[in-house]
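# Structural overview
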Amino acid sequence: MTTRLVNLVIDAARPGVLAGFWAALLGWHVAVEEPGEVDVRAPENDGWDLDLVFVPVPEPKEVKNRIHLDLASSTRAHQDELVAYALELGGRRVDLGQGDTPWVVLADPEGNEFCVLEPRERYAGSGAVASIVVDAHAPGPLADFWAGITGWPVRSREGDTLVGLRAPSGRGPWLEFLRNDDVKRVKNRVHLDVAPPADADHAAAVQEVIAAGAAPADLGGPALPWRVLADPEGNEFCVLTPR
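Computed from a predicted structure; not experimentally measured.

### Describing the sheet that holds strand β8 (residues 113-116)
The eight strands lie next to each other as β6-β7-β8-β5-β9-β12-β11-β10, forming an open sheet whose pairing is mixed. Every other strand in the sheet has two partners, leaving β6 (92-93) and β10 (154-158) as the edge strands with one partner each. Of the strand pairs in this sheet, strand β5 (residues 67-71) and strand β9 (residues 129-136) are connected by five bridges, and their pairing is antiparallel. Bridge pairing in β9 places L69 opposite I132. The strands that helix α3 (residues 139-150) touches are β9, β10, β11 (162-166) and β12 (174-179); relative to β12, the one it contacts most, it runs at about 155°.

Rendered as structure tokens:
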């Protein structure tokens, strides 16, 4: 497979404002600011090779996101500092029925859920973001699909509950698939983008991804240079033009 992960995209009513929240919270910077998108990028030494891309949409958030970020902390004091800073920036605490857990569940200013984890050895070298977490009815098969189209190998399997991928470099965040039986009802407000390399044929790359188990996901609107597909559990993602 020739495609690789390039973006995590977040729908937003006010992309610039939301990008500012995440850039400040993570200690990253706004790298692109255009009418159609705002990109937040990690420092080169963070190990994160993806951009956080915020795009404008008119639809309000309706349900809990099926994809969210887990933030890493180095000590309990650091975790408390991250939580306090997120609240200061405009985040809020949310109750998803998690009960008494060592991690803290928050939402950004537009209601996108994320977690601030307690210190865990697993994420010690991940940088600011420990993991991109994807809800899945069947974590194993879904993780295998994404491993195939990204080149990120499966690095951990915890029964049928949690399966983790990580970049071949061993740096940056995990991509984790967590068992969740909720039914997908609306278009995801957070999605992943993949792209083939600059010298690849876009149409051929799209067909390769479809052969791996994706399905076309025409969301309407004008013709676009990229293709919108859905993974085996219906999560939308884009195959961008070669780069």
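### What to know about the pattern of salt bridges
Within the structure shown, the criterion is met by eleven salt bridges. The shortest N-O distance in the salt bridge between R157 and D144 comes to 2.6 Å. You can see R157 sitting in strand β10 and its partner D144 sitting in helix α3, a full 13 residues away along the chain. Taking relative accessible area as the criterion, D144 reaches 40% and is therefore assigned partly exposed. Linked through salt bridges whose partners overlap, the residues forming this network are R122, E158 and E176.

### Side note on helix α2 (residues 76-89)
At 3.6 residues per turn, the α-helix brings residues three or four places apart onto the same side. Helix length check: α2, at 14 residues, gives a terminal C-alpha distance of 20 Å against a target of 20 Å (1.5 Å per residue), a fit within 8%. Listed in full, the buried residues belonging to α2 are Q79, L82, V83 and A86. Buried residues in α2, looked at end-on, bunch into an arc of 95°, giving them a common side. What points out from α2, more than 90 degrees from its buried face, is the exposed set D80, E81 and E88. Looking at the packing, one finds that the buried side of α2 touches α1 (15-26), β6, β7 (104-107) and β8.

### Focus: the packing of α1 against α2
Relative orientation of the contacting elements α1 and α2 amounts to 155°, with a least axis distance of 10 Å. Considering the angle they form, α1 stands roughly antiparallel to α2. The chirality of how α1 crosses α2 is right-handed. Together, F21, A24 and L25 of α1 and L82, Y85, A86 and L89 of α2 make up the contact between the two elements. Of the residues belonging to the contact of α1 with α2, the class tally is seven nonpolar, no polar and no charged.

### A look at the packing of aromatic side chains
For any two aromatic rings, the description comes down to two numbers: the centre-to-centre distance and the angle of the planes. In this structure the tally under the stated criterion is seven aromatic pairs. Arranged with centres 5.2 Å apart and planes meeting at 55°, the rings of W28 and W48 form a pair that is tilted. Linking W28 in the loop between α1 and β2 (29-34) with W48 in the loop between β3 (37-41) and β4 (51-56), this pair joins segments that are 20 residues apart in sequence. Across the pair, W48 and W28 agree in class, each one buried. Ring centres 5.0 Å apart and planes at 65° place the aromatic pair W146 and F237 in the edge-to-face group.

What counts and how
Residues numbered from 1 in each chain as written. Predicted model: local features only at pLDDT ≥ 70, side-chain atom pairs only at ≥ 80, totals over all residues. Heavy atoms only, no water. Pairing = 2+ DSSP bridges. Helix = DSSP H or I, 4+ residues; strand = E, 2+ residues; numbered from the N terminus. Contact = heavy atoms within 4.5 Å. Axes fitted to C-alpha atoms, helices over the stretch in contact; angles between N-to-C directions. Salt bridge = Lys/Arg side-chain N within 4 Å of Asp/Glu carboxyl O. Buried < 20%, exposed > 50% of the residue type's maximum accessible area, 1.4 Å probe, protein only. Expected span 1.5 Å × (residues − 1). Arc of directions from axis to C-beta. Parallel < 35°, antiparallel > 145°, perpendicular 65-115°, else oblique. Left-handed = near helix turned anticlockwise from the far one by under 90°. Nonpolar A, V, L, I, M, F, W, Y, C, P; charged D, E, K, R; others polar. Phe/Tyr/Trp six-rings, centres within 6.5 Å; stacked < 30°, edge-to-face > 60°.

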